[in-house]
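# Summary of the model geometry
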Amino acid sequence: MSTRRVVITGASSGIGQATATLFAEQGWKVVGVARRADRLEQLAAKTGIDTFVADVTQQDDVEALRDYLAESGPVHALVNNAGGAFGAASVEESDPADWLRMFEVNVLGVQRVTSALLPLLRKVAADGHADIMTVTSTAGFVPYEGGGGYNAAKFAAHGVVGVLRLELAGEPIRVLEIAPGMVKTDEFAFNRLGGDTSKVEALYAGVEAPLVAEDIAEAIVHAIELPGHVNMDMITIRPVAQAAQHKLIRGELTPKA
Ligand code: NDP
């Protein structure tokens, strides 16, 4: 039904990949962006999406993406999803290089891509509306031990989205944010925990039905497919087993007798 086009950063795995797949199934034109060309090619072969290899922390790459998009058609929606966590050390013991990486991708990546694509989104908004959805995290609201650099980066990303919503007020551009809690994706925790699979297993151990990438994809697509005057604004999404960042239930969820 729709011939709208969406750009999704971080489309080579996890939430971005699931979101690209679902948008394609819904009839959207999709441009999936990430650094790993081979992963994007595999996704393109499976889903028919268009892809563009870019590092969102590199201004030249982002400008090349913008130029490619400008030449290849309208852009109705942007999903700023590329991001990640590196390390789970205390503030005292953290390596500032990890924090810098997290800030570069989770915060400056969002700024770079949003800034570059806004003129394209505005063109489309002149005849309807456009969307900017950013994937932050519940780590953007609640600090936790070992969260230091990731908390700081996602708090900042949340702040950037809030500022953007105010700055774009008066334009038919929805500024949306989705803040997931625990999502079991293949690479996120693996990257965060330095590739230690036993730590990754321990993280999700006993959690009944943690969210999966497809759950977040469904929420993102739903929010963007709502009528243009409806802004879901800020979506918090967690597994039922996670009442709060620090309140994760391991074991079966059962009604009280
Ligand atoms: P993944 O690690 O599976 O995916 C991250 C994606 O971002 C990959 O496609 C990666 O591709 C891409 N990416 C990373 N760095 C860059 C870069 N510099 N330029 C372009 N693309 C980049 O993680 P998830 O799918 O789990 O997470 C997606 C988003 O959701 C992130 O922003 C994350 O912080 C957030 N989130 C995740 C949660 C979870 O529990 N999993 C919870 C809450 C939020 P490539 O390496 O090919 O560039």
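Description of the structure in this document. (Residues numbered from 1 in each chain as written. Predicted model: local features only at pLDDT ≥ 70, side-chain atom pairs only at ≥ 80, totals over all residues. Heavy atoms only, no water.)

What follows covers the overall build of the chain. When its secondary structure is counted, the chain shows eight helices and eleven strands. A compact globule built from 257 residues should have a C-alpha radius of gyration of about 18 Å, and the chain, at 18 Å, falls within 12% of that. Along the first, second and third principal axes, the C-alpha set of the chain runs to 50 × 45 × 40 Å. Residue burial in the chain is summarised as follows: out of 257 residues, 48% are buried. Of the roughly 12,400 Å² of accessible surface on the chain, 54% is carried by carbon and sulfur atoms. Charge centroids of the chain, computed over 22 positive and 32 negative side chains, lie 3 Å from each other. (Helix = DSSP H or I, 4+ residues; strand = E, 2+ residues; numbered from the N terminus. Rg over C-alpha atoms; globule rule 2.2 N^0.38 Å. Buried < 20%, exposed > 50% of the residue type's maximum accessible area, 1.4 Å probe, protein only. Areas by Shrake-Rupley, 256 points an atom, 1.4 Å probe, with all protein chains shown as cover. Lys, Arg positive; Asp, Glu negative; His and termini not counted. Charge placed at Lys NZ, Arg CZ, Asp CG, Glu CD.)

It is worth spelling out the pairing of strand 1 (residues 5-9) at this point. On a regular strand, one side chain projects to one face of the sheet and the next to the other, so that they alternate. Within strand 1, five of the five residues are buried, leaving the element largely enclosed by the surrounding structure. Because side chains alternate across strand 1, one face comprises the buried residues Arg5, Val7 and Thr9, and the other comprises Val6 and Ile8, equally buried. Where strand 1 meets strand 2 (residues 29-34), five bridges bridge the pair, whose relative direction is parallel. Paired with Ile8 across the bridge in strand 2 is Gly32. Between the parallel pair strand 1 and strand 2, the chain is carried across by helix 1 (residues 14-25), and the sense of this crossover is right-handed. Pairing of strand 1 with strand 4 (residues 77-80), which is carried by three bridges, proceeds in the parallel orientation. (Pairing = 2+ DSSP bridges. Right-handed = clockwise from strand over helix to strand, strands pointing away.)

Under the counting rule described, the total for this entry stands at one cavity of 30 Å³ or more. Lining the largest cavity are Thr9, Val56, Asn80, Asn81, Ala82, Val105, Gly109, Val110 and Val113. Ranked by the residues each element gives to the lining of the largest cavity, the list is headed by helix 4 (residues 96-125), at four residues. The residue makeup of the lining of the largest cavity, split by class, is five nonpolar, four polar and no charged. (1 Å grid on protein atoms, 1.4 Å probe; cavity = no way out; pocket = protein on both sides within 12 Å on 5 of 7 lines; lining within 4 Å. Points joined across faces, edges and corners; volume = space filled by probe spheres on them. Nonpolar A, V, L, I, M, F, W, Y, C, P; charged D, E, K, R; others polar.)

Right, let's talk about helix 2 (residues 37-47) for a bit. Taken together, the buried positions of helix 2 are occupied by Leu40, Leu43 and Ala44. Looking down the long axis of helix 2, one finds its buried residues gathered within 100° of arc, a one-sided arrangement. Summarising the geometry of helix 2, the exposed residues directed more than 90 degrees from the buried face are Glu41, Gln42, Ala45 and Lys46. Directly beyond the C-terminal end of helix 2, a positive phi value near 80° is found at Gly48. (Arc of directions from axis to C-beta.)

Further remarks concern the environment of Gly73. Structurally, Gly73 can be placed in the loop between helix 3 (59-72) and strand 4. Classification of Gly73 by relative accessible area gives partly exposed; the value is 26%. C-alpha of Gly73 to C-alpha of Arg5: the two residues are 68 residues apart in sequence and 8.1 Å apart in space.

The geometry of helix 4 relative to helix 5 (residues 148-167) is characterised by a closest axis approach of 7 Å and an angle of 20° between their N-to-C directions. Taken together, the axis directions place helix 4 and helix 5 in an arrangement best described as roughly parallel. Judged by the sense of rotation from one axis to the other, the crossing of helix 4 with helix 5 is right-handed. Across from Trp99, Met102, Phe103, Asn106, Val107, Thr114 and Leu118 in helix 4, the residues of helix 5 making contact are Gly148, Gly149, Tyr150, Ala153, Lys154, Ala156, Ala157, Val160 and Leu164. For the contact of helix 4 with helix 5, the class distribution of residues is eleven nonpolar, four polar and one charged. (Axes fitted to C-alpha atoms, helices over the stretch in contact; angles between N-to-C directions. Parallel < 35°, antiparallel > 145°, perpendicular 65-115°, else oblique. Left-handed = near helix turned anticlockwise from the far one by under 90°. Contact = heavy atoms within 4.5 Å.)

Turning next to the packing of aromatic side chains. Tallied over the entire structure, the rule returns three aromatic pairs. Taking the centre distance of 4.8 Å and the plane angle of 65° together, the rings of Phe23 and Trp28 count as edge-to-face. Per residue, the accessibility class of Phe23 equals that of Trp28, and both read buried. Sitting above the plane of the Phe86 ring, Arg101 keeps its charged end 3.7 Å from the centroid. (Phe/Tyr/Trp six-rings, centres within 6.5 Å; stacked < 30°, edge-to-face > 60°. Lys NZ or Arg CZ within 6 Å of the ring centre and 35° of its normal.)

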